[in-house]
Amino acid sequence: MFDGCAGWLHEAVGEARGRATGVVLCAPQLHEAMWAHRGLRHLADDLAAAGVSVLRFDYYGTGDSAGAGGEPDFVARAVQNVVSASATLRAMVDVDRLVMCGWRFGATLAVLAADAMAARQNNAPDALVLMAPVVNGRGYLRELRALTAFFVTDQGGGAPQPGADDEGLEVLSYRLAPETMREIGALRLERRPGAPAPHVLLLDDAPGSMSQAAALGRHYEQAGAQVQICDFLDSRLMMKSPEVSAVPEASWRRVVQWLAPLAANAAHASSSPRPSHTPHAMPTEIIASHDVDGVVEHSLWFDGGRQFGVLCEPADSAPGAAPALVIFPNTGGSHHVGDGRAFVLLSRALARRGFAALRIDVSTLGDSPGAARDMSVPRAYAPRPRADVGAAVDWAHARGHSHIVMAGVCSGAYLSLQAALANPHVTGVVMANALKFLWRDEDNTAEHSGADTLRDYLFAARSARNWKRLMRGDIPVRQMAAVLARGARRLVMRPASRLTPTQPAASPIDAEAEFARDAMARLSLRGVHLDLLYGVEDPGLELAVRCFGAGFQHLHDLPCVGAHRCAQLDHAMILAPSRETFLAFLMQNLRRQGTLARASTTPATDPLIPAEPAGTPGAAAAAG
């Protein structure tokens, strides 16, 4: 931790020969930080394997860092975070040449930080790698408003109208304060005097006559910098939801090769190198412990060093003193912070109430040593992550936690259910928006729907011609949003529609319904408290109704199981009311287990603690 930021150091592999080069890796902001995590983590590994030490980090108010998010001084603070990261890298590694490398708004922050360091004559960077930089702040805000129009739930009044900059903006649960909106809107990198570094590599994801990156490169050349511009056409691999994103291999090789003359031992470069942060072979190793936002967090390896996790505990208790622990498995391909940073905020809210929480990366995801370089939906339901979550339960039980509650969303709900069925140490489950109860061999044939993702649409929207079409109404925004929603539903239901002529049409659904009912009965008989949550318009609700009935009547005789339709619960739980609903059900689940011993210690100002009217699990929830 430094400057309130959580960081990863990827040390160079091999012995340094000559002058050492270090890279500060600047992530984008908002939802793009989640989408880019896989790509940037593996870029750091690739550079480390090529002899370049790398520090990647989360800005204050994002990821695992301190802060609630949405701070009004985000831009200035983030620039200072980049400057602090540079000083931290120099202090931890013997770096003679400093490079700042950023993607999207992270590239923009790298430019601002380089200018700030040069103005202070404070070890300015020797080079910049700018990957699809945000050159025009107003255009970037236009993209964010379009994204919000796609994904905010339609409550009958149509897509939300863009607000003025002085109103701020909610982007998939991430808030941009009005001050931040104004600062971003005023940014025009090509109008800033001079060049931020003597050497610049620009990766252009929208090449052509109107390319903003190319114009920026010409501006830097005129200021005396040596500039190389390369196409970044495979950036789209990283500009997707994490369950289908992949590493842009060609562009990453280009970045490594460009830095090779500066690197100490570039001969070790590889397109798929060994991860540089593989832990020592130990059953459990706490990497670091930090006080953050009124709680204590421990970064750790567990499961023999195969998995990474962050254990969050109350600040005023001895390690392991909290009897109850909540485990958050990965959702889809997202890493352990959760979509919308939900698992970080929920973990800390629970710890302030006296409970421990563990957010994990299964062995194939996130920051775990063996994380894959690409992802698909079937991998989220595969036997390996199911075994990994089971190992997390075993670790928690061995640590002395007598109550272990699984809390999962979408595929994480499926993993939570499987862990509860397989492991007697699980005492509670809260599953939100489960799309599957049973995953069979034939489900592995499911593929991505092929429909363009939002990032694909926004990629096209960066064309001035397409923006004119959008303004004229030629591009059907609401219809495209509906296509995206239907695509998610088709993805999980497709195995049921691909039947051979000899199969009864209802047999796959019947098999899953039979499994689901039996699973709920077994868990209730064992005394496991389970809450099944669905948003009122969630695509998984249809399957739940077919398994348990329109009124969930097949669950009525199970005293430990409850199913609920929730008025404010989006599918990925990225909106603040959804997190509040989820937390309310978690607290109810813990209360039913008799573990709510320290509720009175919760700060009254905790933004994630909703009011709980008598007889309801949460102010935003409507039980079905």
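Residues numbered from 1 in each chain as written. Predicted model: local features only at pLDDT ≥ 70, side-chain atom pairs only at ≥ 80, totals over all residues. Heavy atoms only, no water.

## With respect to the overall build of the protein chain
Counting secondary structure elements, the protein chain contains 17 helices and 19 strands. For the protein chain, buried positions account for 58% of its 624 residues. A separation threshold of at least 6 residues defines the contact pool for the protein chain, and within that pool the share at least 24 residues apart is 77%. Of the roughly 23,700 Å² of accessible surface on the protein chain, a fraction of 53% belongs to carbon and sulfur atoms. (Helix = DSSP H or I, 4+ residues; strand = E, 2+ residues; numbered from the N terminus. Buried < 20%, exposed > 50% of the residue type's maximum accessible area, 1.4 Å probe, protein only. Contact = heavy atoms within 4.5 Å. Areas by Shrake-Rupley, 256 points an atom, 1.4 Å probe, with all protein chains shown as cover.)

## Some thoughts on the packing of helix 1 (residues 31-49) against helix 7 (residues 249-259)
Two elements in contact, helix 1 and helix 7, have axes whose closest approach is 10 Å; the angle formed by their N-to-C orientations is 35 degrees. The hand of the helix 1/helix 7 crossing is right-handed. For the pair helix 1 and helix 7, the contacting residues are Gly39, Leu40, His42, Leu43, Asp46 and Leu47 in the first and Trp252, Val255, Val256 and Leu259 in the second. For the contact of helix 1 with helix 7, a count of residues per class yields 7 nonpolar, 2 polar and 1 charged. (Axes fitted to C-alpha atoms, helices over the stretch in contact; angles between N-to-C directions. Left-handed = near helix turned anticlockwise from the far one by under 90°. Nonpolar A, V, L, I, M, F, W, Y, C, P; charged D, E, K, R; others polar.)

## Points about unusual backbone geometry
With a phi angle near 50 degrees, Asp293 is a residue other than glycine that sits in the positive phi range. A positive phi angle, near 55 degrees, is found at Cys410, a position not held by glycine. Relative to the helices and strands, Cys410 is located in the loop between strand 15 (403-409) and helix 11 (411-422). The buried category is assigned to Cys410, whose relative accessible area is 13%.

## Here's the deal with the pairing of strand 16 (residues 426-432)
The buried fraction of strand 16 is high, at 7 of 7 residues. Between strand 15 and its parallel partner strand 16, the chain crosses via helix 11, and the hand of that crossover is right-handed. Of the pairings in the sheet, the one linking strand 16 to strand 17 (residues 529-535) comprises 5 bridges and is parallel in character. Paired with Gly428 across the bridge in strand 17 is His529. (Right-handed = clockwise from strand over helix to strand, strands pointing away. Pairing = 2+ DSSP bridges.)

## Focus: the confidence of the model for the protein chain
Mean pLDDT over the protein chain works out to 83, with 77% of the residues at or above the 70 mark. Note that residues 264-276 has pLDDT below 50 and, in this model, 36 contacts with residues that lie over four places away or in other chains. With pLDDT under 50 throughout, residues 467-475 is counted as low confidence; its partners more than four residues away or in other chains account for 11 contacts. (pLDDT = per-residue confidence, 0-100.)

## What about the environment of Leu417?
With respect to the helices and strands, the residue Leu417 is situated in helix 11. For the pair Leu417 and Val429, spaced 12 residues apart in sequence, the C-alpha to C-alpha distance is 7.1 Å. With residues near it in sequence (within four places) discarded, Leu417 still touches Met431, Phe437, Met520, Leu523 and Leu530.

## Observations concerning the sheet that holds strand 8 (residues 199-204)
With mixed pairing, the 7 strands of this open sheet are ordered in space as 1-3-2-4-5-8-9. Both edges of this open sheet fall to strand 1 (7-10) and strand 9 (226-231), since each of them pairs with a single strand only. Recorded for the sheet is a direction-independent mean angle of 15 degrees between the axes of neighbouring strands. Pairing geometry for strand 8 and strand 9, over 6 bridges, is parallel. What sits directly across from Asp204, in strand 9, is Asp231.

## Brief notes about the packing of aromatic side chains
Taken as a whole and judged by the stated rule, the model has 13 aromatic pairs. Between Phe437 and Phe548, the ring centres sit 5.5 Å apart and the planes meet at 70 degrees, which makes this aromatic pair edge-to-face. Highlighted residues: Phe437 in the loop between strand 16 and helix 12 (454-461) and Phe548 in helix 16 (residues 541-548), separated in sequence by 111 residues. What makes Phe437 buried here is its relative accessible area of 0%. The ring of Tyr60 has Arg77 sitting right over it, with the charged end atom 4.0 Å from the ring centre. (Phe/Tyr/Trp six-rings, centres within 6.5 Å; stacked < 30°, edge-to-face > 60°. Lys NZ or Arg CZ within 6 Å of the ring centre and 35° of its normal.)

## Remarks on the side chain of Arg359
Looking at the element boundaries, Arg359 is found in strand 14 (residues 356-361). Under the relative-accessibility criterion, Arg359 is labelled buried at 0%. Of the polar contacts made by the side chain of Arg359, one reaches the side chain of Asp64; its length is 3.0 Å. A polar side-chain atom of Arg359 sits 2.9 Å from a polar atom in the side chain of Glu297. Not counting residues up to four positions away in its chain, the partners in contact with Arg359 are Asp64, Glu297, Phe308, Gly309, Val310, Cys312, Phe328, His336, Phe343, Val344, Ser347 and Arg348. (Polar contact = N/O pair within 3.5 Å; in protein donor to acceptor, adjacent residues only side chain to side chain.)

## Some words on the state of the cysteines
Throughout the structure, instances matching the rule amount to 0 disulfides. Take Cys101: it sits in no disulfide, and the sulfur closest to it among the cysteines is that of Cys26, at 7.7 Å. (Disulfide = S-S within 2.5 Å.)

## So, helix 8 (residues 342-352)
The buried fraction of helix 8 is high, at 10 of 11 residues. Where helix 8 is concerned, the buried positions are Ala342, Phe343, Val344, Leu345, Leu346, Ser347, Arg348, Ala349, Leu350 and Ala351. Directly beyond the C-terminal end of helix 8, a positive phi value near 100 degrees is found at Gly354.

## Digging into the pattern of salt bridges
Evaluated as defined, the whole model comprises 22 salt bridges. In this structure, Arg188 and Glu190 form a salt bridge, with 2.5 Å as the shortest nitrogen-oxygen distance. Judged by its relative accessible area of 26%, Arg188 falls in the partly exposed class. Residue Asp303 is joined to Arg306 by a salt bridge in which the shortest nitrogen-to-oxygen separation is 2.4 Å. Exposure remark for Arg306: the relative accessible area of 29% places this residue in the partly exposed category. Taken together, the shared-partner salt bridges connect Asp64, Asp293, Glu297, Arg348 and Arg359 into one network. (Salt bridge = Lys/Arg side-chain N within 4 Å of Asp/Glu carboxyl O.)

## Some remarks on the environment of Leu311
Looking at where Leu311 falls in the secondary structure, it is placed in strand 12 (residues 307-314). Between the C-alpha atom of Leu311 and that of His298, which follows or precedes it by 13 residues, the distance is 5.0 Å. In contact with Leu311, not counting residues within four places along its chain, are Val296, Glu297, His298, Leu300, Leu325, Ala356, Ala357, Leu358, Trp395 and Arg399.

## Here we look at the nonpolar core
Within the largest apolar cluster, 81 residues are counted, with the highest numbers of intra-cluster contacts made by Ile327, Phe328, Leu350, Phe437, Phe548 and Phe582. No other element matches helix 11, which puts 7 residues into this core. Sequence-distant contacts of Phe548, defined by excluding residues within four places in its chain, comprise Phe437, Ala516, Arg517, Met520, Leu532, Gln553, His554 and Leu555. In terms of nonpolar packing, the next biggest core, distinct from the first, is built from 57 residues, Val24, Trp35, Leu141 and Ile184 among them. (Core = buried A, V, L, I, M, F, W, Y, C linked by side-chain atoms within 4.5 Å.)

## Some thoughts on the side chain of Ser363
When you line up the elements, Ser363 lands in the loop between strand 14 and helix 9 (377-380). Only 3.0 Å separates the side chain of Ser363 from the side chain of Arg306, close enough to count as a polar contact. Within the local environment of Ser363, its side chain forms a polar contact with the side chain of Asp388, the two groups lying 2.7 Å apart. Apart from the residues lying within four places of it in its own chain, the contact partners of Ser363 are Arg306, Gln307, Ser368, Gly370, Ala371, Arg384 and Asp388.

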